[in-house]
Amino acid sequence: MTPSLSTTGVPAVRWGTPPPGREAVDNGGAEGSPDVDEQRPHRRGATGEAMTGWDSELDRVLGAKTAKALNGAFGMTTAGDLLRHYPRRYAERGELTPIGGLEIGEHATVLARVERVSKRKMRSRKGTILQARITDGTRSMSCTFFNQAWRERELLPGRRGMFAGKVTAYRSELQLAHPEYQLFTEEDSDEQGAAREFASALIPVYPASQGVPSWSLARCVDQVLSGWDGVVDPLPESLRERIGVLGLDAALRRIHQPEDLAQVEQAKYRLKWDEALGVQLSLAQSREQRGARPAPACPPRQDGLAAAFEAELPFTLTAGQLEVGERIAEDLAHEHPMNRLVQGEVGSGKTVVALRAMLQVIDSGRQAAMLAPTEVLAAQHARSLRELLGEFSGAGELGASDRATKVTLLTGSLSAAQRKQALLDAASGSAGIVVGTHALIQDGVSFADLGMVVVDEQHRFGVEQRDALRVRAGERSCPHLLVMTATPIPRTVAMTVFGDLRTSALRELPNGRSPIGTTVVPTAEKPSWLERAWQRVREEVEAGHQIYVVCSRVGDESGSGARETTSGEDAEQRSPVTVLELAEELGAGPLEGLRLGVLHGRLASEDKDSVMRSFAAGEIDVLVATTVVEVGVDVPNATMMVIMDADRFGTSQLHQLRGRVGRGASPGLCLLVSEAVSQTPARNRLEAVASTTDGFELARLDLQQRREGDVLGAAQSGKKSTLRVLSLVHDEELIAEARAEAEEFVRQDPELSSHPGLAAMVAELVAEERAEFLEKA
Ligand code: ADP
Ligand code: MG
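Residues numbered from 1 in each chain as written. Chains lettered and ligands numbered in written order. Predicted model: local features only at pLDDT ≥ 70, side-chain atom pairs only at ≥ 80, totals over all residues. Heavy atoms only, no water.

## Observations regarding the site of ligand 1
Part 1: Looking at ligand 1, there are 15 residues lining it, with Thr316, Gln321, Gly347, Lys350 and Thr351 nearest.
Part 2: Contacts to ligand 1 include Gln321, whose side-chain N or O atom sits 2.9 Å from a nitrogen atom.
Part 3: For the shell around ligand 1, the residue count by class is four nonpolar, eight polar and three charged. (Near = heavy atom within 4 Å. Polar contact = N/O pair within 3.5 Å; in protein donor to acceptor, adjacent residues only side chain to side chain. Nonpolar A, V, L, I, M, F, W, Y, C, P; charged D, E, K, R; others polar.)

Spelled out as structure tokens, the structure:
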């Protein structure tokens, strides 16, 4: 597989390691040009002791105990890993962290002032509880210590310090349970005073973890930098001059130990370039390789199936559909593989746009494959494609047009005989369109001549799978790619930012459909609104409509649905409402007498189908479900959705979910039920979702709220992040510049053999990508 952003994303950028197969060259310490491959991780200092370099093992530099803690908390093994762990932000001396901005469950580092300390005996067991209230000047929170009464002597009112720990809530008050802390000395808090603990005037605040607070990381970094031998700069000097960036060593020092914020900015700018350029070089190289694998040119025909289909279309295409259609038609006519994203609200009519494109491909004697994230959705797509096609589907069947093609469904749950037939349809070419889930890309599925892949990217569709399918098309040709989405997943947004996916938007809804109204129901502040919500559900049912109620958990199992308590004797967080509990409660209470159904992933496949069928047939009024309704459900009569514990869902996910309602003539209503209190990040996020239905805007919001670095890598798996300083939202210009530079480098020297530093950056990306790919297999 070719390395590309769209395959498994872009892993961590690291340097100092020669690309595989290239031996490190020791040129005896002569100062070579920065472009010369002179990797010497363990050069000896003047006194003969080993200096610290990129690949120095942390246990040698920092000692076994510290190294083990860093490895356990962050998976770091080398000095380079540590230096790539950048501060999240910088605090000014004397600054206090706004306590209102903390999120329950996060590990936070708080700069605060001790307000008061109290001590009491524990009732249940022997011992004392020491409670320190710390304040940001406006709000306060408590820190709890068990059997550490002696801390009273140092936690004196008025003293400032850094407190680190997991944020929990107890009786609707924020607290840090047994935090670690470091109090500033008098001089530290004195504005004129010399900084003792920290080398610079700014205090770096690192992403920290239990057992490894921010200030320990700062000390480790300081230790590494004090014996630092430097690292070979992977960027050619001429490039550094052209774009005006610091050398890598200077950038690393300044990001960790800046004297002022200007230094931070300079350092970040340089490190951003590295990240952007690494990705863009990798993309440019795979484009170069793809260029050698042309796409099948499928020019439009006036006398083909596409034209015949259009003549019979029961509605007029919207202006947006026509415009996007033209772009696609043009793209398909070329040998250059299309990479296009069609973004449009749910109900904006993306399917017919995709179908027209597929027919153009069929008209040139090739096939199209359409991928959906679930079997239900694949089946639904096959059905709606056949419906749209009418007499033009079901080739060979009675009543079909003689121009007709065949739409074949290929999913994992087919019987052996059905599967055999479907495989035959694909391989023989008798199916012009093959619709399926990832089962489509399993071994044994081959196509006679695959010209285009359409991906319906609802949430959670594996990007790897999409690319694997493209690979199936054979060694020598690369099918065109069309991605359809309502809310692009963050990685898709990333691909558009990096310039590897062109975007077209469908902005209008056909026949004046009204968009969904969304309201937050804040149960902590307005408990009565929830009752009102259930009342509203009844009214909606009385008006002949149907309703979804979505919960984040199924319930009734050991672990996930049951009690979920946070650590600490005093800490507690309400566990989420579950499908099973809520269905029972509603049936016996506010929704008594209505026909309730239950749907979740633990039901057997047939049971799921049968519940969905009853709901679609209008035999169920209210469907209490997990996110299985997120995709693949199209019940136009469903007009309302109530999402419980809405703060537990991601931004894009909420948008996808609410897209299930308002698909018919009546307007849709979505209620986001949450205990999140006003002005907290969780609540702000819900308000943002309620305030717009623009999918792209929400996707960008989502990007901004995630740690952006997680977007390209093994998303959300908590693994090392890939983009640490580069922001997909704010650095578009830099990313575009990096693209131009990367293209030029690769054009002149496809293998980058005259730039070993750059080649090493790419090799590192590719190596990690393979490792990731193997892990997944
Ligand atoms: P989505 O963008 O959510 O995939 P669909 O493609 O499923 O939307 O379209 C929603 C519905 O609107 C379908 O029933 C489709 O046939 C219909 N539709 C699509 N385009 C038009 C149009 N131009 N005029 C009227 N109805 C349309
Ligand atoms: Mg659709």
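So much for the structure itself; the text now carries on.
## As for helix α6 (residues 214-226)
Part 1: In this model, α6 (13 residues) spans 18 Å end to end at C-alpha, consistent with the 18 Å of a helix rising 1.5 Å per residue.
Part 2: Here α6 has its buried residues at Ser214, Trp215, Leu217, Ala218, Cys220, Val221, Val224 and Leu225. (Helix = DSSP H or I, 4+ residues; strand = E, 2+ residues; numbered from the N terminus. Expected span 1.5 Å × (residues − 1). Buried < 20%, exposed > 50% of the residue type's maximum accessible area, 1.4 Å probe, protein only.)

## Thoughts on the sheet that holds strand β14 (residues 480-485)
Part 1: Spatial strand order, β11-β12-β10-β13-β14-β9-β15: seven strands in an open sheet with parallel pairing. The open sheet terminates on both sides in strands that have one partner only, identified here as β11 (407-410) and β15 (502-506). Across this sheet, the average inter-strand angle for adjacent strands is 20°, counted without regard to direction.
Part 2: Two strands pair when backbone bridges link them, and strand β9 (residues 339-344) and β14 are joined in this way by five bridges, in the parallel orientation. Residue pairing across strands places Gln343 opposite Thr485, the latter belonging to β14.
Part 3: Running over the sheet, helix α12 (residues 350-363) touches β9, β10 (367-371), β12 (433-436), β13 (450-456), β14 and β15 and is turned about 170° from β13. (Pairing = 2+ DSSP bridges. Axes fitted to C-alpha atoms, helices over the stretch in contact; angles between N-to-C directions. Contact = heavy atoms within 4.5 Å.)

## Concerning the sheet that holds strand β16 (residues 517-522)
Part 1: Read across the sheet, six strands follow the order β16-β21-β20-β17-β19-β18 without closing on themselves; strand pairing throughout is parallel. In the strand order of this sheet, the two ends are held by β16 and β18 (596-599), each with one partner. Each strand of the sheet is rotated relative to its neighbour by a mean of 20°, with strand direction disregarded.
Part 2: Note: strand β20 (residues 638-643) against strand β21 (residues 669-674), four bridges, orientation parallel. From the neighbouring strand, Val642 faces β21, where its bridge partner is Leu671.
Part 3: Packed on one face of the sheet, helix α17 (residues 528-542) meets β16, β17 (546-550), β19 (622-625), β20 and β21 and runs near 160° to β20.
Part 4: Where helix α18 (residues 579-588) meets the sheet, its contacts fall on β17, β18 and β19, and the angle it forms with β18 comes to roughly 180°.

## Let's talk about the packing of aromatic side chains
Part 1: Under the defined criterion, the tally for this structure stands at four aromatic pairs.
Part 2: For the ring pair Phe163 and Tyr181, a centre distance of 5.8 Å and an interplane angle of 35° mean the geometry is tilted. In this pair, Phe163 is assigned in strand β5 (residues 160-170) and Tyr181 in strand β7 (residues 180-183), connecting sequence segments 18 residues apart.
Part 3: Put simply, the rings of Phe145, Phe163 and Tyr181 pair up and form one aromatic cluster. (Phe/Tyr/Trp six-rings, centres within 6.5 Å; stacked < 30°, edge-to-face > 60°.)

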